[in-house]
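Okay, here's what each chain looks like letter by letter:
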Amino acid sequence: MGTLVKNELFKLRKKSSTWIMILLMFVIMLLGPILTILSGSEVMSYTAISSAGALWLVVTLISSAGSILSMEYEYGTIKELFASKYSRGKILISKWFTIFIYSIILNILLVVYTGIIYYAGRLLTTNMSFTWSENAISGETVTTMTESFFKNVS
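Residues numbered from 1 in each chain as written. Predicted model: local features only at pLDDT ≥ 70, side-chain atom pairs only at ≥ 80, totals over all residues. Heavy atoms only, no water.

**Student:** Describe the overall build of the protein chain, listing the residues and the values that go with them.
**Tutor:** Along its length, the protein chain carries 6 helices and 2 strands. The buried share of the protein chain, taken over its 154 residues, is 33%. Of the contacts made within the protein chain by residues no fewer than 6 positions apart, 84% connect residues no fewer than 24 positions apart. (Helix = DSSP H or I, 4+ residues; strand = E, 2+ residues; numbered from the N terminus. Buried < 20%, exposed > 50% of the residue type's maximum accessible area, 1.4 Å probe, protein only. Contact = heavy atoms within 4.5 Å.)

So this is what it looks like as structure tokens:
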């Protein structure tokens, strides 16, 4: 079964969509602090930065899980897999285990990205306070940030 997991991780690593999703996660995480700075807000939350990435992480995992199995049917390799010495259960478990490993990697990247963005923001802005314990961005906060951003632009 180790061979199956290695093969699945190799295929996941070679897909361009895997790298695009990781890049998009980082860009989406950057949007929150950029909008906060542009809106003139005095507070930036660590939780708000990481929650944006966490939501995208879920989307990434769902799409990757779907594509792992659909790629087998698309390229016709599912017949070869079923004809091999591995049972259907082992094949399915190896795909689940691959997504589990991928989720661990993405969570580590999420923590690293959040730390980089948070501490870079602290270094780049001097008049802004940063909090660790503020609740995640609510709908009202997003509306307020968006309104103040457009007031500053116009």
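**Student:** Give me the lowdown on the pattern of salt bridges, citing residues and values where you can.
**Tutor:** As enumerated under the stated definition, the model contains 4 salt bridges in all. For the salt bridge of Lys11 with Glu8, the shortest nitrogen-to-oxygen distance reads 3.2 Å. In this pair, Lys11 and Glu8 both sit in helix H1 (residues 2-14), 3 residues apart, roughly one turn of the helix. On the basis of relative accessibility, which here comes to 26%, the residue Lys11 falls in the partly exposed class. Lys95 is the salt-bridge partner of Glu8, the closest N and O atoms lying 2.8 Å from each other. Linking Glu8 in helix H1 with Lys95 in helix H5 (residues 88-124), this pair joins segments that are 87 residues apart in sequence. For Glu8, a relative accessible area of 4% corresponds to the buried category. (Salt bridge = Lys/Arg side-chain N within 4 Å of Asp/Glu carboxyl O.)

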